[in-house]
Amino acid sequence: MKHFITICMMVVCSMTANAQQTPIYLDDAKPIEQRIDDAIARMTLQEKIRVIHAQSKFSSAGIPRLGFPDFWTDDGPHGVRPDVLWDEWDQAGQTNDSCVAFPALTCLAATWNPDMSLIYGKSLGEEALYRGKDMILGPGVNINRTPLGGRNFEYMGEDPYLASTMVVPYVQGLQSMGVSACVKHYCLNNDEEYRHQVNVVVSDRALHEIYLPAFKAAVEQGKAWAIMGAYNLYKDEHNCHNQYTLNKILKGDWAFDGVVVSDWGGCHDTDQAVKNGLDMEFGSWTNGLSAGTSNAYDNYFLATPYIIGIQSGKYTTKELDDKVRRVLRLFFRTTMNRNRPHGFLCSESHYEAARRIADEGIVLLQNKGNILPIDRNKAKRILVVGENAIKMMTVGGGSSSLKVQREILPLEGLRQRFGNDVVVDYARGYVGDVSGEYNGVTTGQKLKDNRSESKLIAEAVEKAKNADYVIVVGGLNKSDYQDCEGHDRKQYELPYAQNRLIEALAKTTKRLVYVNISGNAVAMPWKDKVGAIVQAWFIGSEAGNAITDVLTGDANPSGKLPFTWYASLNDCGAHALNTYPGTWRSAKDKSAGFSKIIDEEYKEGVYVGYRWTDKNNIKPTFAFGHGLSYTTFSMSNLRQSAKEMTRDGKLTFTVTVKNTGSKRGAETVQLYIKDIKSSVDRPVKELKGFKKVWLEPGEQKDVDMTIDNNALAYYDETTGTWKSEDGEFDALVGNASDNIMLKSRFMLK
Ligand code: GLC
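This is a predicted model, so every value here is computed, not measured.

Caption draft 1: Representation of the overall build of the chain within the structure. Tallying secondary structure elements over the chain gives 19 helices and 29 strands in all. Dimensions of the chain, computed from C-alpha atoms along their principal axes, come out at roughly 105 × 65 × 65 Å. The buried share of the chain, reckoned over its 749 residues, is 63%. Carbon and sulfur atoms make up 51% of the accessible area of the chain, which amounts to about 27,100 Å² in all. One way to put it: in the chain the 88 positive side-chain charges average out to a point 2 Å from where the 92 negative ones average out.

Caption draft 2: Up close: the site of the ligand. Close to the ligand lie 16 residues, the nearest being Asp-75, Lys-184, His-185, Tyr-231 and Asp-263. Interatomic distance of 2.7 Å between a side-chain N/O atom of His-185 and an oxygen atom of the ligand. In the environment of the ligand, an oxygen atom lies 3.4 Å from a nitrogen or oxygen atom belonging to the side chain of Arg-195. Calculation on the ligand without its partners gives an accessible area of 310 Å², and the protein chains cover 100% of this total. The class makeup of the residues in the shell around the ligand is 6 nonpolar, 3 polar and 7 charged.

Caption draft 3: Molecular detail of the sheet that holds strand β20 (residues 633-640). If you trace the 3 strands from one edge of the open sheet to the other, you get β20-β22-β25, paired in antiparallel fashion. Of all the strands in the sheet, just β20 and β25 (700-708) have a single pairing partner and so form its edges. Across the sheet, the mean angle from the axis of one strand to that of its neighbour is 25°, orientation sign disregarded. Summarising the sheet, β20 and strand β22 (residues 650-659) pair through 6 bridges and their orientation is antiparallel. Bridge pairing in β22 places Met-635 opposite Val-657.

Caption draft 4: Representation of the domain arrangement of the chain. As assigned here, the chain comprises domain 1 (1-69 + 236-333) and domain 2 (633-748). Spacing between the C-alpha centres of domain 1 and domain 2 amounts to 46 Å.

Caption draft 5: A look at the pattern of salt bridges. Applying the stated criterion across every chain yields a total of 59 salt bridges. Its salt-bridge partner being Asp-38, residue Arg-42 comes within 2.9 Å of it at the nearest N-O pair. Residue Arg-42 and its partner Asp-38 are located together in helix α2 (residues 32-42), separated by 4 residues, close to a single helical turn. Classification of Arg-42 by relative accessible area gives partly exposed; the value is 35%. Asp-38 sits in the buried class, given a relative accessible area of 14%.

Caption draft 6: Quick look at the packing of helix α5 (residues 114-130) against helix α13 (residues 348-361). Two numbers describe how α5 lies on α13: the axes approach to 10 Å, and their chain directions differ by 150°. With respect to their mutual orientation, α5 and α13 come out roughly antiparallel. Along this stretch, α5 crosses α13, giving a crossing that reads as left-handed. Of α13, the residues touching α5 (which contributes Met-116, Ile-119, Tyr-120, Ser-123, Glu-126 and Glu-127) are His-350, Ala-353, Arg-356, Ile-357 and Glu-360.

Caption draft 7: Molecular detail of the nonpolar core. Within the largest apolar cluster, 122 residues are counted, with the highest numbers of intra-cluster contacts made by Phe-68, Tyr-186 and Leu-328. With 8 residues, helix α6 (residues 160-175) is the single largest residue contributor to this core. Residue contributions to this core reach at least three from each of two domains, namely domain 1 (1-69 + 236-333) and domain 2 (633-748). Aside from chain neighbours lying at most four places away, what touches Leu-328 is Ile-36, Ala-39, Ile-40, Met-43, Ile-63 and Phe-68.

Caption draft 8: Helix α11 (residues 304-311), seen in detail. Turning to α11, its buried residues are Tyr-306, Ile-307, Gly-309 and Ile-310. End-on view of α11: buried residues confined to an arc of 160°, all on one side of the axis. Its buried side turned inward, α11 meets α3 (45-50), α10 (270-275) and α12 (318-333). Just past α11, the residue Gly-313 takes up positive phi, approximately 85°.

Caption draft 9: Representation of the state of the cysteines in the model. Enumeration according to the criterion identifies 0 disulfides in this entry. Here Cys-99 is not cross-linked by a disulfide; its sulfur's nearest cysteine counterpart is in Cys-346, at 6.5 Å. With no disulfide of its own, Cys-107 has Cys-99 as its nearest cysteine by sulfur position, at a separation of 16 Å. In this structure Cys-107 comes out as buried when scored by relative accessible area, which is 0%.

Caption draft 10: Highlighting the environment of Met-524. With respect to the element layout, Met-524 can be found in the loop between β16 (512-517) and β17 (532-535). Apart from residues lying up to four places away in sequence, Met-524 is in contact with Tyr-514, Ile-533, Trp-565 and Phe-622.

How each quantity is defined
Residues numbered from 1 in each chain as written. Predicted model: local features only at pLDDT ≥ 70, side-chain atom pairs only at ≥ 80, totals over all residues. Heavy atoms only, no water. Helix = DSSP H or I, 4+ residues; strand = E, 2+ residues; numbered from the N terminus. Buried < 20%, exposed > 50% of the residue type's maximum accessible area, 1.4 Å probe, protein only. Areas by Shrake-Rupley, 256 points an atom, 1.4 Å probe, with all protein chains shown as cover. Lys, Arg positive; Asp, Glu negative; His and termini not counted. Charge placed at Lys NZ, Arg CZ, Asp CG, Glu CD. Near = heavy atom within 4 Å. Polar contact = N/O pair within 3.5 Å; in protein donor to acceptor, adjacent residues only side chain to side chain. Nonpolar A, V, L, I, M, F, W, Y, C, P; charged D, E, K, R; others polar. Pairing = 2+ DSSP bridges. Axes fitted to C-alpha atoms, helices over the stretch in contact; angles between N-to-C directions. Domains from an automatic or database assignment. Salt bridge = Lys/Arg side-chain N within 4 Å of Asp/Glu carboxyl O. Parallel < 35°, antiparallel > 145°, perpendicular 65-115°, else oblique. Left-handed = near helix turned anticlockwise from the far one by under 90°. Contact = heavy atoms within 4.5 Å. Core = buried A, V, L, I, M, F, W, Y, C linked by side-chain atoms within 4.5 Å. Arc of directions from axis to C-beta. Disulfide = S-S within 2.5 Å.

So, in structure tokens, the structure goes:
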């Protein structure tokens, strides 16, 4: 009997013990690092290999035996891409994957409001969750180095401080939903032409002061869980497996604990992928847009070839285990996070977020005679002209192309707002690109118009004669060689004879408004013949509503340019120094495939954007940080918390901003720092602080901006460290880089 009782007790104990012994890797209460240790100890070599490369166009394997789900990614930075077929780029034709298109990131940057980035990241994260995506392939933070750059619309402008400040809340918001960001394209992917073959040659100083900061901020402050390597090369190594940028800088200096994901088709070699920092290989043998080798997943560089390398003793599992630990960490942060919310798709809150971001990002560039906002008492007839008033912009542009539930177009938005008490007439004005399809998603628009250019212009001019307002909605679009991935623009001028149209209309009416839809600056030779100019970006589902909000004054514009609006291409350093698109290593390489290299030397160094125009006394059409309002503001009484600053200290600048006009509005106070005397050549001034403030008419507020030593330091190439030098500095405060109103000197001791 006694033995029987003992055995029963042992059985009961072992049962309860077993019941308690949830494996550590499945125990939410255990620290992630312990769970990783436990999980990796249980994995077979095959399982380890399967999780570090794709199994379909946009997914990689989980570990079914241990209960880890597959891992799903999707584009893109401003909306969740429609589901594609398992191994095709073409869309799967689902009926439940239409999304909200948020404003492209150039518009987000133009809000100069980090709160908008947080709302953006959270809303996008909710859409991603609902769609079953564990990682969004964005945001993009490559610096706008040339206004021809095909993907600048996906990025956050020319200034590293603005991009750094705006990217962090986006990453935090997105990841707060348990959806990983994948900050791209790391690094130096600043234009699209020959993007798989460009080897960027750039000084260490420009690399660290201009091109890396936004990625560094996303990692160190945003705590990004993933980074996407870029296609191009740096120091002759492809950026998806690059000893210097990935192992030394990202995983070494910045202590990045996440996953390096290849761009689609960015991995080229097993040995380099094993040793130079790649953790998840996607899209091999594709150009990232269309072609590809079908179902090649076992042949991926980090698949069978890697197993063979390990089994033959060429590699230990040292690098593999590091990759797997990072991927497991990503799993525990996403697919294995049982507290993740469910998310939701196309909710009113997402449309509101998209509209708010758009309302705050649209930039009023010019407003002669205060022609805007439209005076409803004067407006009996409004003529809208231009293809961009009726053309959907959410389809096309490359991998960021979307299938939206709705996209309100400019003409539509104006007509809805004005209803029947104002006639909103339309004239095509010009014909640009009448196509509307990408990867099987079609706009369904019938834009074909065979009329000649002169007939189109004549019609617009005729209709303009008896219109109270003429609103041209033009600019670029998402077609190849426009604002589109894979290529850059071939010209800085507006395409499709828009200049002739605008010139003709300017002769007909003084009440001419030009609305530019693009992610890049364009030449505006007719600028002084036009009343108002509005930069309306690619703002997605709510485009027509937000543009109407601003044109009618329902929203008081508060956007500021995130890049310099050059008068001509040669006012830009990259072009003035003839560096673009680069020099082929040998003449015969031009027609070659990926294996031939084109060296693109960033000869302008740190002098990108306003840093270049300041240095060379070039007057841009519109300056970095420029943006008007329907009200007016004053800035006064700049004071600082001390006359001197120590290296480990901080300094706070306070300025009083007052709304001296009659409408509620927002002003963005910008703080630039000038090093009066330094041992290296430094830009005239550099943005090191900004604050957007909303004020009622007559209201004033004190705005504080605090800097630390980082705001004064430059990257010293001789020591490979950041260095600030004792001496005098100026704090320059204004509301645009070309409108500094206050100045205050201080010392660094
Ligand atoms: C594309 C793009 C990248 C995108 C990826 C997947 O080529 O370069 O931004 O996320 O491939 O579509």
